[in-house]
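Geometric and topological summary
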Amino acid sequence: MNLAVNLADYRRAARDWLRENAPSDDEPGGDPIARAKDFMARLHDAGYSGITWPERWGGQGLTQAEERAFAAEAKDYTLPTYVFSIGLGMTGPTIVDRGTDEQRERFLRPLLRGEEIWCQLFSEPGAGSDVAALQTRAVRDGAGWVVNGQKVWTSVAQHADWGLLLARTDVDVPKHRGLTMFVVDMRHPGVTVRPLRDMSGRANFNEIFFDDVHIPDEHRVGEVNDGWSVAVTTLLHERLSISAGVGMSGQRDNPASLEALRRTLDTSDPLVRDELVELHIRTRALALFNQRLAQETSAGQFPGARGSAAKLLLAELYLFQADLATRLTGPESVVGDHPLGFTLAAAPGMALGGGTNEIMRNIVGDRVLGLPPEPRVDKTVPFKDLKVGTQA
Ligand SMILES: Cc1cc2nc3c(=O)[nH]c(=O)nc-3n(C[C@H](O)[C@H](O)[C@H](O)COP(=O)(O)OP(=O)(O)OC[C@H]3O[C@@H](n4cnc5c(N)ncnc54)[C@H](O)[C@@H]3O)c2cc1C
């Protein structure tokens, strides 16, 4: 079998499909979530949703090569897939890896078809970088659990049907050992979602309050008090998917992309060309690094902490790109409604969401380079004896 020819055919078919089906700018308005859901269903019907996911659970059972071929064609479009990015990149792969067959059967196909939207409920007001210090409690209640507490910075939760929730189930053991992972119904009456606006003006993330929210035990992911290892699975997928841009829009509408800057700047100026070459090199280097990580994943070698290096490189690329674009465009780029103003204001969020740049550097230093780890006192002390937030 000639893989190259097949891949070329695959890519040509993807190109044709996108040309026919990708939404165009002049399509009528209406409810953007309904349109996004409709697009995901068509994407799935055409075989381009869950390209590498197991066929048994609604995926296509193909390889990273096909996924990359589709992504290469899709980057010229702005596909309405952002609202599914947490499900496709983080919570879905966690259910694939760590869920029960019943959970896979129930959740994965509707996720891939865009019928259900997911969010990730890890961070709390007192637990972001140190997420294992979280205080939301899940307490046994007959055949299920009752949850009380608060989460924050939860992306797309205002649209979500399901959330992957990390909660504390034991305070008498060290903090990492008393956590359990659940799937929570975001439409449960005890769940309150309040959107938060960031400095770019968007309200993409939320704070969430849980008041006596019931979760059946069938919606527990992994063993009781083994939630940290499930969370690590999610975080590894999160860093890989963020750096690879899973569910993100393509570059077409990005006013700081190389293509856009080549159109808008005076490229006869050698200093401008120098800067654009630097942007090209950084973008290409990250793409090649991501490609290598994806190939390793396909070959069954999970890249682990090196995903944190990729996520760090992406966050730095965003900041570099936004700074370069506004600097070369001039002061008008940050006044009024200039599209670069949004790019500049949104870029720092990439250095926080999915783990901050400092935390990514700690992980790379500790687990990739083998440097001495940070001194830790909280690995042996029971959670209830730690001075965490308002915890007594
Ligand atoms: C756009 C966006 C989307 C997000 N979406 C989600 C989501 O969907 N779900 C979710 O659960 N969370 C989400 N988050 C939250 C995100 O994971 C946290 O903001 C992040 O982990 C940092 O936590 P924090 O904000 O509490 O900052 P803190 O942990 O309080 O950190 C404050 C500062 O201290 C530094 N710092 C902390 N500890 C160390 C250390 N050990 N060494 C060196 N420096 C350190 C940090 O780097 C940072 O600069 C999102 C955040 C953003 C910005």
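Residues numbered from 1 in each chain as written. Predicted model: local features only at pLDDT ≥ 70, side-chain atom pairs only at ≥ 80, totals over all residues. Heavy atoms only, no water.

**Observations concerning the site of the ligand**
How we decide: It suffices for a single heavy atom of a residue to lie within 4 Å of a molecule or strand for the residue to be listed as near it. Whenever a nitrogen or oxygen atom comes within 3.5 Å of another N or O atom, the pair is scored as a polar contact, on the condition that within protein one atom can donate a hydrogen and the other can accept it, and that pairs from neighbouring residues in sequence are kept only if both atoms are in side chains. All accessibility values rest on the Shrake-Rupley procedure with a 1.4 Å probe; residue burial counts only the protein chains present in the view. Numbering of helices and strands starts at the N terminus; helices are DSSP runs of H or I of at least 4 residues and strands are runs of E of at least 2. Domain limits in this description derive from either an automatic procedure or a database domain assignment.
Near the ligand you find 18 residues, and of these Ser123, Ser129, Trp153, Thr356 and Glu358 are the closest. Within the backbone of phenylalanine 122, a nitrogen or oxygen atom sits 3.0 Å from an oxygen atom of the ligand. In isolation the ligand offers 970 Å² of accessible surface; the protein chains occlude 66% of this area. Tallying contributions element by element places helix H11 (residues 357-368) first for the shell around the ligand, with 3 residues. Two domains each put at least three residues into the shell around the ligand: domain 2 (118-227) and domain 3 (232-368).

**Overview of the domain arrangement of the chain**
Put simply, the test is: Any two residues whose heavy atoms approach within 4.5 Å are treated as being in contact. Simply put, the buried area is the total loss of 1.4 Å probe accessible area from both parts when two parts are fitted together.
Domain annotation for the chain reports domain 1 (3-112), domain 2 (118-227) and domain 3 (232-368). Each of domain 2 and domain 3 has a C-alpha centre, and these two points are 29 Å apart. Contacts between the two partners involve 8 residues from domain 2, matched on the other side by 9 residues from domain 3. Carbon and sulfur atoms make up 70% of the surface buried where domain 2 meets domain 3, a total of about 680 Å² over both sides.

**Some points on the side chain of arginine 239**
Threshold: Note on classification: 1.4 Å probe, protein chains only; a residue is buried when its accessible area is under 20% of the maximum for its type, exposed when over 50%, partly exposed between these limits. All tallies of charge rest on Lys and Arg as positive and Asp and Glu as negative; His and the ends of each chain are not included. Think of a salt bridge as a Lys or Arg side-chain nitrogen and an Asp or Glu carboxyl oxygen that are within 4 Å of each other.
Relative to the helices and strands, arginine 239 resides in helix H6 (residues 227-244). Glutamate 238 provides the closest opposite charge to the buried, salt-bridge-free arginine 239, at an N-O distance of 5.3 Å. Apart from residues no more than four positions distant in its own chain, arginine 239 is found in contact with Gly307, Ser308, Lys311, Gly354, Gly355, Met360 and Ile363.

**Quick notes on the nonpolar core**
Rules: Take the buried Ala, Val, Leu, Ile, Met, Phe, Trp, Tyr and Cys residues and link them wherever side-chain atoms come within 4.5 Å; each set so joined is a nonpolar core.
Counting 82 residues, the largest nonpolar core has Phe70, Leu165, Met186 and Phe210 as its most contacted members. If one sorts the elements of this core by residue count, helix H9 (residues 306-329) sits on top with 6 residues. Those residues within four positions of leucine 165 in sequence are excluded, and the remaining contacts are Leu121, Val147, Lys151, Thr180, Met181, Phe182, Val184, Phe210 and Ile215.

**Let's talk about helix H2 (residues 32-45)**
To be explicit about the condition: The span you would expect from a helix comes to 1.5 Å times its residue count less one.
Between the first and last C-alpha of H2 there are 20 Å, a value that for 14 residues agrees with the 20 Å anticipated at 1.5 Å per step. Along H2, the positions that sit buried rather than exposed are Ala36, Phe39, Met40, Ala41, Leu43 and His44. Where H2 begins, the side chain of aspartate 31 points an oxygen toward the backbone nitrogen of isoleucine 33, at a separation of 3.0 Å. Looking one or two residues past H2, glycine 47 carries a phi angle of roughly 90 degrees, positive in sign.

**Some remarks on the packing of aromatic side chains**
Convention followed: Here a Phe, Tyr or Trp ring, Trp counted by its six-membered ring, pairs with any other such ring whose centre lies within 6.5 Å, and the pair is stacked when the planes are under 30 degrees apart, edge-to-face when over 60, and tilted otherwise. Two limits define a charge over a ring: the Lys NZ or Arg CZ must be within 6 Å of the ring centre, and within 35 degrees of the ring normal.
A complete count under the given rule lists 8 aromatic pairs for this structure. Consider the rings of tyrosine 10 and tyrosine 48, whose centres lie 5.9 Å apart with planes at 80 degrees: the pair is edge-to-face. Of this pair, tyrosine 10 sits in helix H1 (residues 3-21) while tyrosine 48 sits in the loop between H2 and helix H3 (64-74), and the two are 38 residues apart along the sequence. Note on tyrosine 10: relative accessible area 16%, which makes it buried. Grouping aromatic residues by their ring pairs yields a cluster made of Tyr10, Trp17, Phe39, Tyr48 and Phe70. The side chain of arginine 168 reaches across the aromatic face of phenylalanine 383, ending 3.5 Å from its centre.

**Considerations on a nonpolar patch on the surface**
Here is the rule: Any residue with relative accessible area above 30% and no salt bridge may belong to a patch, with like charges joined within 9 Å and the nonpolar Val, Leu, Ile, Met, Phe, Trp and Tyr side chains within 5 Å.
Taken together, the side chains of Val334, Val335 and Leu344 make up a nonpolar region of the molecular surface, amounting to roughly 240 Å² of accessible area. On the secondary structure map, valine 334 appears in the loop between H9 and helix H10 (339-350). The exposure class of valine 334 is partly exposed, given its relative accessible area of 49%.

**Description of the side chain of threonine 180**
Checked against the element boundaries, threonine 180 lands in strand S5 (residues 179-185). On the accessibility criterion, threonine 180 (0% relative accessible area) is buried. A polar contact is formed between the side chain of threonine 180 and the side chain of threonine 169, at a distance of 2.6 Å. With residues near it in sequence (within four places) discarded, threonine 180 still touches Leu165, Leu166, Ala167, Thr169, Arg220, Glu223, Val224, Asn225 and Gly227.

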